[in-house]
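Close look at the chain arrangement
Here are the chains, one letter per residue:
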Amino acid sequence: MKLSLISALIGSLSISCHTFAATNELEHITTTASRTEVLADPLPVVVSSISKQQLSLIAPTHIQQALKQVAGANLQHGNGQEYLPALRSPVLSGAGACSGILTAEDGIPLRAAGFCNINELFEAHTEMAERIEVLKGPGSALYGSNAVHGVINVITPDTTYDHTTLGLDYGSFGYSRYKLGQGHDFGKQGLGINVSITRDTGYRDDEGVDQEKVTMRHRYDADNFTLNSGLTYTHLDQQTAGYIEGFESYKDEDIAQSNPNPDAFRKAQSMRVWSKLNWTKDDNNSFTLTPYLRDQSMTFFKHFLPGTPLEENAQQGVGIQSMWQHQFANASTLTVGFDGELTDADFLQYQDKPTEGSAFLVATVPQGKHYDYQVTSRLLAPFINLDWQYDELLVTVGGRYEHMRYDYTNHMLAGRTKEDGTPCGMGGCRYSRPESGINSFANFSPKLGISYQFTNNHFIYANASEGFRAPQAAELYQLQREQSVAELKSEIAKNLEFGFKGQQAQLHYVISAYAMNKENTIFRDSDFFYVNDGQTQHRGIELELAYAITPTISMQLAATHAKHTYSYDQLLGEVNINGNEVDTAPRNIANLQLLWQANDMTRVALELYNTSGYFTDPENLHRYEGHSLVNLTAAWQLTPTFAVTLRVNNLADEHYAERADYTSFNGDRYFPGRPRNAMLSARYQF
């Protein structure tokens, strides 16, 4: 069987309602692991995929609704389009959390390395995606900084062939979404566009989302090369509802619907433009070149900070991805490539009004500008990978070297003074600005994987890999208290993994076990210094199954058992957290779907989702009880071109929290989940 570079098994979630009994016809493809479209053969990495059919059935209003069908993924929905991510990890939040997972659209990272936003997936056009692929763990030499726990890649459809799509989603609490797709094939060329417009007045007081997204594609085909180009533009205008406070306050409907931060908002826009040139020299050599540019900006009201300052950030940049592949006579493949980026970013945080609250906060959080700086970054990253094939054995070995350089210019007075240079009372101002300067980071990440086909359609695999992330610009230059320089190193993750993958009759399975140790994790210590002395351990088992019970009834399961613990000494209050479970890290998560193809026109899906309880503080003194949800979907294909779908979410009207948290200042706090809600969708396609 011919195996290609890090093709991977797309998880069990790719069976559509029309192929329940035909698992032998399932030929999964992936582009995330290799940057080329290949069969997702069972190699020593795992790529789970959410197919176009599944996305159509879910019609997610938030990407969390789709990714919960991937074992190991656990996005916690905040409010509006916000979220906190997890992939083979605890939910990443707070200092040092950003950039633990690389997010991309069509293989291009949504944000430049070093300038992440933890909510950045709202800049991908998931509403009209072809599929969503999730590469788990730091298993591929094609990805460097930020791909510590893996990659989430949104694949947009090729709209350059003749088609027209019209869609309408109408739901509870003022939700509506309009979709338009149009494409034309001109022979060797094609042009297409997808547009989605979302309006959501929300369940809670003074919340709402206005969002527009556009993707455009162009295709040109020649004898030995193809040129595909794309553009994505997104705009978000969100009125944000913040945390509600009080132990289990999400169980009180009046409190759950309230909004203690009616002035909070987020306004963001982004644009990415790219062209991908594929040139095939001969049967054994191919070359891929992808230049791209980004332009992003966001204004964000920091309602969770004292003084509620306003943040304005922007980044513009260009990048290139390049790759040469050589196929040897024995089906082995050598891949050599180079990635590079140049980015210019601006950051401003200021406060219009005097701080309210305690005397200490009033004295230490000044009105006026807190930070005002510019950073120019340069990223250079060569990589190499060899797939060596010998009979049923495949050995993959590779590595990636990455050099990141930041040129930082401070536009204010350095130090922890007010904007005009006067000192704050009670020991000094909260915010500290370092002197202008240069920081650089260099990392090499090796990869080794082995896969053996021990019988037809059944594989055992193992891999050892290392991931890293360079410190983000925010961690280096947004300092607090007495810290004047952040002496940070790159965060390192060492990962071991093994598992079984395969297909037996109507059963399609992926079983994975992993052990990851992270070093130099970045956090704020008790002095509010950015440091990276932290260490954590991550152990987990994942199971993804698809089973055609009968020709018309199917089940799909994505389940995870994991334990994430602190493995370093740090006193919080009087508690040493060494050995404690990392906060917001449920041990067990499961998503079970039962699908019934009632007849040629009707299909029904029942979804059962459970997340176990978890600690909400590093001291492991406070806890959320977990929750179980039931969702029901029915779809009718009324004509070959017209379909209607009805979804009822939270069918049992469960009181639950999308996210639970605890702080010493506010106590227990939550983002409440929505009560029972429904959405009716209609789609016309020809």
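Everything below is about the structure printed above this text.
Given the structure is predicted, the values throughout are model-derived calculations rather than measurements.

Overview of the packing of aromatic side chains
- Tallied over the entire structure, the rule returns 20 aromatic pairs.
- Pairing Phe115 with Tyr406 gives two aromatic rings, centres 6.1 Å apart and planes at 85 degrees, and the pair type is edge-to-face. Here Phe115, found in the loop between strand S7 (108–109) and strand S8 (131–136), pairs with Tyr406, found in strand S21 (residues 393–410); they are 291 residues apart in sequence, far enough to count as distant. For the pair formed by Phe115 and Tyr406, the shared burial category is buried.
- Taken together, a centroid distance of 4.9 Å and an interplanar angle of 70 degrees make the contact between Tyr250 and Tyr670 edge-to-face.

Some remarks on a nonpolar patch on the surface
- Among the surface-exposed residues, Tyr452, Phe454, Ile460, Phe498, Phe500, Ile511 and Ile541 lie close enough to one another that they form a single nonpolar patch of about 620 Å² accessible area.
- Counting residues per element, the ones that place at least two in the nonpolar patch are strand S23 (437–455) and strand S26 (491–504).
- Inspection of the secondary structure assignment puts Ile511 in strand S27 (residues 507–524).

Describing the sheet that holds S7
- Taken together, the five strands give an open sheet; going across it, the order is S3-S8-S9-S6-S7, and neighbouring strands pair in mixed fashion. Lying at the two open borders of the sheet, with one neighbouring strand each, are strand S3 (46–50) and S7.

Re the nonpolar core
- Core analysis: the biggest nonpolar cluster contains 24 residues, and Phe115, Tyr373, Val375, Tyr406, Leu476 and Tyr477 have the highest contact counts within it.
- Contributing elements (two or more residues each) for this core: strand S19 (333–351), strand S20 (368–390), S21 and helix H5 (473–477).
- Not counting residues up to four positions away in its chain, the partners in contact with Val375 are Phe115, Thr343, Asp344, Ala345, Tyr406, Asp407, Tyr408 and Tyr477.
- Among the nonpolar cores identified, the runner-up in size contains 21 residues, and Ala66, Leu92, Ala97 and Ile152 belong to it.

Topic: the environment of Asp169
- In this structure, Asp169 sits in strand S10 (residues 163–171).
- Take Asp169: its relative accessible area is 3%, and that puts it in the buried class.
- Placed 108 residues apart in sequence, Asp169 and Thr61 show a C-alpha to C-alpha distance of 9.5 Å.
- In this structure Asp169 touches Tyr175, Ser176, Arg177, Lys179, Arg647, Met679, Leu680 and Ser681, once residues within four positions along its chain are discounted.
- In terms of polar contacts, Asp169 uses its side chain to reach the side chain of Arg177, at 2.7 Å.
- Of note is the side chain of Asp169, whose polar atom sits 2.5 Å from the side chain of Ser681.

Some words on unusual backbone geometry
- Here the phi dihedral of Asn146 falls at roughly 90 degrees; this positive angle occurs in a residue that is not glycine.
- Tracing the backbone through its elements, the reader meets Asn146 in the loop between S8 and strand S9 (150–155).
- Its relative accessible area of 4% is what places Asn146 among the buried residues.
- In the Ramachandran plot, Asp206 falls in the positive-phi region, its phi being about 55 degrees despite a non-glycine side chain.
- With respect to the element layout, Asp206 can be found in the loop between strand S12 (189–200) and strand S13 (208–221).

The rules behind each value
- Residues numbered from 1 in each chain as written.
- Predicted model: local features only at pLDDT ≥ 70, side-chain atom pairs only at ≥ 80, totals over all residues.
- Heavy atoms only, no water.
- Phe/Tyr/Trp six-rings, centres within 6.5 Å; stacked < 30°, edge-to-face > 60°.
- Helix = DSSP H or I, 4+ residues; strand = E, 2+ residues; numbered from the N terminus.
- Buried < 20%, exposed > 50% of the residue type's maximum accessible area, 1.4 Å probe, protein only.
- Patch = residues over 30% accessible without salt bridge, like charges linked within 9 Å, V, L, I, M, F, W, Y side chains within 5 Å.
- Areas by Shrake-Rupley, 256 points an atom, 1.4 Å probe, with all protein chains shown as cover.
- Salt bridge = Lys/Arg side-chain N within 4 Å of Asp/Glu carboxyl O.
- Pairing = 2+ DSSP bridges.
- Core = buried A, V, L, I, M, F, W, Y, C linked by side-chain atoms within 4.5 Å.
- Contact = heavy atoms within 4.5 Å.
- Polar contact = N/O pair within 3.5 Å; in protein donor to acceptor, adjacent residues only side chain to side chain.

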